[in-house]
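Notes for the structure review
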Amino acid sequence: MRRLRKMEQPQPQQLLHFSHPKHPLLFYQDYRDGGPCWGCQESVYGPIYYCEECTYGRVVPRSIGNVGKRQWPYKHHKSCVEAPLGLHHPLHPIHPLILFDEKTHYPEDEEEDKQKTKCQLCNESRRQYTYRCYRCDFNLHATCASLPPTIESSQVHHHPLTPFWKWMSFTCDFCGKEVKGIPNLCALCSYCVDNTCASLPRRLQVLVHWHPLHLIHSSLEVELHQSDSRFCQLCAQKVNTNFGFYYCSRCDFVAHLDCAADYRNRDNINLQELKVEENEDPELDQSFNLVAYEVKNIKVVEDGTEIATEIQHFSHGHDLKLSDYEVLNNEKCNGCIQAISPPFYSCVNCSFFLHESCARLPRKKRHPLHLHTLTLFPKSPYWQNTFWCDACKRPCNGFTYWCVTCNFDLDIPCSLISNILTHPGHEHRLLLSSIESKRNCSCCDSKISPIFCCTTCDFALDFKCATLPQIARYKQHEHPFTLCYTAEDDSGEYYCDICEEERDPKHWFYYCANCDYPAHTKCILGKNPNLK
């Protein structure tokens, strides 16, 4: 028998690119995993160039079959790699423009650098490939430079739009903002939009909402539930619904155009292939009713209510018994890591405590801070079963609601807060701002995102302060401490009786009225209150 000669695998097409001189970029025809393009920061689908050597610190085998199964950091649209290194443009006809990479020249993303790299067309700094005239400090994003002479299929208008190649100030008819740039005109309607609005997608997916958002021209298009006053559910600021916005009709979710379109807030999925039901978890509705424990004993009270007095909870190997007695030694709940208080379940064999409410937590749930369904785990899979809560930014070793896809974690107190918060420490309702906010927390002055913002005044509240227990105990102190929101008197001098350091009168604190004993929240609760 004649032996067949093994066929050699064809070498993939490759090229060297100025943005990544260390390794050649390889060509792949049909990439399906999304993720941002290194050149334009937009989602990548279809033909790409990528670096196979660089994959988040790992060197991988050279096999073209691996592409599409990993998130390659150095990947480009084919069109972005093939962009010319220099060009002449009608907006700057006196000098040629040279292509450069903002991220390489200005890696720190500081405000001063953003001003240096602002595009003269869209007036933004997007950390993407930019054409630049170094003589005149003139910048033009590669995506803006490649705008067609006529925009035939803009989602914001039913007629073609023609760029008027002259820099000017004008009011965009779609977003209602005063802008400086190049207007896109419809001569038939006297309609004028800026470049950012002209290129908005009809549908997009944001990271903190599980349905796609649709582009809406004004509130007249849809029947809004509260048409008089709407707030963006990404930044918690007011939305003028007389102009364009993004909207989910299923959830009555409203977002500013720029908040939803910002690539930092968007999920890189192919919406052309996304079905309406795809972001729905078929087990989610059942999980809300799925009890996390098996009932072993029941007590029937006078009104006929059945109370589970002994259970087998999925988080613990022994049976747990219901107790209505006070615990004297400052024990904490193994679920929420808050001080244990009746009614609670406890183990007679070991020091395991669980609030009755924590025992009833659903095994799966949605949360406005994350796109995917979260699953309840009794222990974190990380080192020493400790995780970092993505809401309050604190370590915790209690129960976690975890996204197995993204390694997103929420501790139990943070998971119980929704996107609208009414707190006894403030008279107005608070809305969740899931994106980076310019406001500091009014109660501790920390700058942490996400944060709750007041829709009436400048008050802001982070998750760390929003989840402070109303009542707390401190070591062997005889009385409990109550969380206070305003200074205890008008003396003008405020100190912590534990550390004896000065207190900011604007910050929340704990106070024992019996002993006239004020203290910092951190002094009462400790450095890591969510660790048991």
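About the criteria used
Residues numbered from 1 in each chain as written. Predicted model: local features only at pLDDT ≥ 70, side-chain atom pairs only at ≥ 80, totals over all residues. Heavy atoms only, no water. Helix = DSSP H or I, 4+ residues; strand = E, 2+ residues; numbered from the N terminus. Buried < 20%, exposed > 50% of the residue type's maximum accessible area, 1.4 Å probe, protein only. Contact = heavy atoms within 4.5 Å. Areas by Shrake-Rupley, 256 points an atom, 1.4 Å probe, with all protein chains shown as cover. Salt bridge = Lys/Arg side-chain N within 4 Å of Asp/Glu carboxyl O. Lys, Arg positive; Asp, Glu negative; His and termini not counted. Patch = residues over 30% accessible without salt bridge, like charges linked within 9 Å, V, L, I, M, F, W, Y side chains within 5 Å. Charge placed at Lys NZ, Arg CZ, Asp CG, Glu CD. Pairing = 2+ DSSP bridges. Phe/Tyr/Trp six-rings, centres within 6.5 Å; stacked < 30°, edge-to-face > 60°. Lys NZ or Arg CZ within 6 Å of the ring centre and 35° of its normal. pLDDT = per-residue confidence, 0-100.

**Some remarks on the overall build of the protein**
A count of helices and strands for the protein gives eleven helices and 38 strands. Counting only residues that meet the buried cut, the protein has 48% of its 532 residues in that class. Relative to all contacts within the protein whose residues are 6 or more apart in sequence, the contacts with residues 24 or more apart total 51%. Carbon together with sulfur atoms contributes 51% to the accessible area of the protein, which is approximately 28900 Å² in total.

**Here we look at the pattern of salt bridges**
For the structure shown, the criterion picks out seven salt bridges. Note that arginine 132 and aspartate 137 form a salt bridge whose closest N and O atoms lie 2.5 Å from each other. Classification of arginine 132 as buried rests on a relative accessible area of 7%. Residues arginine 503 and glutamate 488 are paired through a salt bridge, measuring 2.9 Å at the closest nitrogen-oxygen approach.

**Observations regarding the side chain of glutamate 331**
In this fold, glutamate 331 is placed in the loop between strand S22 (320-323) and strand S23 (344-346). Buried and without a salt bridge, glutamate 331 has lysine 532 as its closest oppositely charged side chain, separated by 4.4 Å. The contacts of glutamate 331, once residues within four sequence positions are left out, are Gln338, Ala339, Ile340, Ser351, Phe353 and Lys532.

**Digging into a negative patch on the surface**
Taken together, Asp489, Asp490, Asp497, Glu500 and Asp516 make up a surface patch of like negative charges. As for its placement among the helices and strands, aspartate 497 is situated in the loop between strand S36 (481-484) and strand S37 (509-512).

**Considerations on the environment of histidine 479**
Along the chain, the position of histidine 479 falls in the loop between strand S35 (471-472) and S36. Once the C-alpha coordinates of histidine 479 and tyrosine 511 are considered, the two residues, 32 residues apart in sequence, prove to be 10.0 Å apart. Dropping the residues within four chain positions of it, histidine 479 is found in contact with Arg473, Cys512, Asn514 and Cys515.

**Some details on the sheet that holds strand S18 (residues 245-248)**
Taken together, four strands build an open sheet; the order of strands is S14-S15-S18-S19 and the sheet is antiparallel. This sheet does not close on itself; its edge strands, each paired only once, are strand S14 (203-204) and strand S19 (253-255). Bridge count for S14 against strand S15 (residues 213-216) is two bridges, and the pairing is antiparallel. When the sheet's bridge partners are listed, leucine 204 is paired in S15 with leucine 213.

**Comments concerning the sheet that holds strand S29 (residues 400-403)**
Across a sheet, strands are paired by hydrogen bonds formed along the backbone, either parallel or antiparallel in direction. The four strands are arranged S25-S26-S29-S30 in an open sheet whose pairing can be described as antiparallel. Each edge of the open sheet carries a strand with a single partner, namely strand S25 (364-365) and strand S30 (408-411). Where S29 meets S30, four bridges bridge the pair, whose relative direction is antiparallel. Residue pairing in the sheet places threonine 400 in a bridge with aspartate 411 of S30.

**A few points about the packing of aromatic side chains**
Using the criterion set out here, one finds twelve aromatic pairs in the structure. Considering the side-chain rings of phenylalanine 27 and tyrosine 49, the 5.2 Å spacing of their centres and the 55° angle between planes classify their relative orientation as tilted. Pair noted here: phenylalanine 27 is in strand S2 (residues 20-31) and tyrosine 49 is in strand S3 (residues 46-50), with a separation of 22 residues, a long-range link. A single burial state applies to phenylalanine 27 and to tyrosine 49, both of which are buried. Ring geometry for tryptophan 38 and tyrosine 74: centres 4.7 Å apart, planes at 55°, overall tilted. With a gap of 36 residues between them, tryptophan 38 in the loop between S2 and S3 and tyrosine 74 in the loop between S3 and strand S4 (75-77) connect regions that are remote in the sequence. When its relative accessible area of 23% is taken as the criterion, tryptophan 38 is described as partly exposed. Following the ring pairs from residue to residue traces out a cluster consisting of Phe377, Tyr382 and Trp402. Stacked on the ring of tyrosine 401, the Lys or Arg lysine 365 has its end atom at 5.3 Å from the ring centre.

**Side note on the confidence of the model for the protein**
In this model, the protein carries a mean pLDDT of 82, and residues with pLDDT of at least 70 account for 86%. Mean pLDDT across the secondary structure elements of the protein bottoms out at helix H7 (residues 284-289), with 48, and peaks at helix H9 (residues 412-415), with 95. When the criterion is pLDDT under 50, residues 1-11 qualifies, and its contacts beyond four places in sequence or with other chains add up to zero contacts. A low-confidence stretch, residues 56-70 (pLDDT under 50), is modelled with 31 contacts involving residues beyond four sequence positions or located in other chains.

**Regarding the pairing of strand S6 (residues 92-101)**
By the bridge criterion, three bridges tie strand S5 (residues 86-89) to S6 in an arrangement that is antiparallel. In the sheet register, leucine 87 faces S6, and the bridge partner there is leucine 97. In sequence, S5 turns back onto S6 through a hairpin of two residues. Where S6 meets strand S7 (residues 129-133), four bridges bridge the pair, whose relative direction is antiparallel. Following the sheet pairing, isoleucine 98 is matched in S7 by arginine 132.

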